[in-house]
Amino acid sequence: LLEAVDENTLVIFTSDNGGLSTAEGSPTTNRPLAEGKGWMYEGGTREPLLIKWPGVIAPGTVCTTPVTSPDFFPTFLEAAGARPAPGQVLDGRSLVAVLKGGAAPERALFWHYPHYGNQGGAPAAAIRRGDWKLIEFFEDNRLELYNLRDDIGQTNNLAAKFPQRAKEMHGKMVAWRQE
């Protein structure tokens, strides 16, 4: 019976935030990612994700599709052959097609952190679409725009260089918050 469970169980290992990085020091390192838990930079929002699903995912497979933890519940439902309850809203999307080797349609991912954290992060929100990530800081309405493919450490704010992209992404984030 135990062997059958091991051969038929979808296992996900992840974290709720990036590693700890505080004003007092960094007990963990997120390098080359900027900052850590409680921040909107990649060090706070990008986290480890390992998935094992025997017979579906080949060992050693690497997927670079950005996903978010709200995707897990729809994934579990589809993997189990279940449907959401009538009227139930699912914030994420099932990853089953991606886990089976298919391509995922591009979509925006959002984060909202409207308070101060004991790790040093300030009230902010972020949107990622493809290689681009925009962060809005609520204290001063500052926008920071990064191309993660070219600048994974988020050292070069491109908001002034690409104002139309920053405006468009900010508009999508505001609409998401209102929704």
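Computed from a prediction, not measured in an experiment: that's the story for all the values here. (Residues numbered from 1 in each chain as written. Predicted model: local features only at pLDDT ≥ 70, side-chain atom pairs only at ≥ 80, totals over all residues. Heavy atoms only, no water.)

**Considerations on the pattern of salt bridges**
- By the definition in use, this model includes 11 salt bridges.
- A salt bridge links Asp-131 to Arg-149, with the nearest nitrogen and oxygen atoms 2.9 Å apart. Taken together, the positions of Asp-131 in the loop between strand E4 (124–129) and strand E5 (132–137) and Arg-149 in the loop between strand E6 (142–147) and helix H5 (163–178) put the pair 18 residues apart, joining distant regions of the chain.
- Linking Arg-177 and Glu-136 is a salt bridge whose minimum nitrogen-to-oxygen distance equals 2.9 Å. Here Arg-177 is found in helix H5, whereas its partner Glu-136 is found in strand E5, with 41 residues between them in sequence. (Salt bridge = Lys/Arg side-chain N within 4 Å of Asp/Glu carboxyl O. Helix = DSSP H or I, 4+ residues; strand = E, 2+ residues; numbered from the N terminus.)

**So, the sheet that holds E4**
- Spatially, E3-E4-E5-E6 is the arrangement adopted by the four strands of the open sheet, whose pairing is antiparallel. Among the strands making up the open sheet, the edge pair consists of strand E3 (108–113) and E6. Taking the axes of each pair of neighbouring strands and ignoring which way they run, one obtains an average angle of 15° across the sheet.
- Of the strand pairs in this sheet, E3 and E4 are connected by six bridges, and their pairing is antiparallel. Counted as the bridge partner of His-112 is Ala-125 from E4. (Pairing = 2+ DSSP bridges. Axes fitted to C-alpha atoms, helices over the stretch in contact; angles between N-to-C directions.)

**Thoughts on the packing of aromatic side chains**
- In this structure the tally under the stated criterion is six aromatic pairs.
- Both rings, one in Trp-132 and one in Phe-162, keep their centres 5.4 Å apart while their planes meet at 70°; by these two values the pair is edge-to-face. In this pair, Trp-132 is assigned in strand E5 and Phe-162 in the loop between E6 and H5, connecting sequence segments 30 residues apart.
- Of the residues examined, Trp-132 reaches a relative accessible area of 12% and is grouped as buried.
- Residue classification places Phe-162 among the partly exposed residues on the basis of a relative accessible area of 32%.
- Over the aromatic face of Trp-111 sits the side chain of Lys-133, whose NZ or CZ is 4.8 Å from the ring centroid.
- One Lys or Arg, Arg-142, reaches over the ring of Phe-137 and ends 4.1 Å from the middle of that ring. (Phe/Tyr/Trp six-rings, centres within 6.5 Å; stacked < 30°, edge-to-face > 60°. Buried < 20%, exposed > 50% of the residue type's maximum accessible area, 1.4 Å probe, protein only. Lys NZ or Arg CZ within 6 Å of the ring centre and 35° of its normal.)

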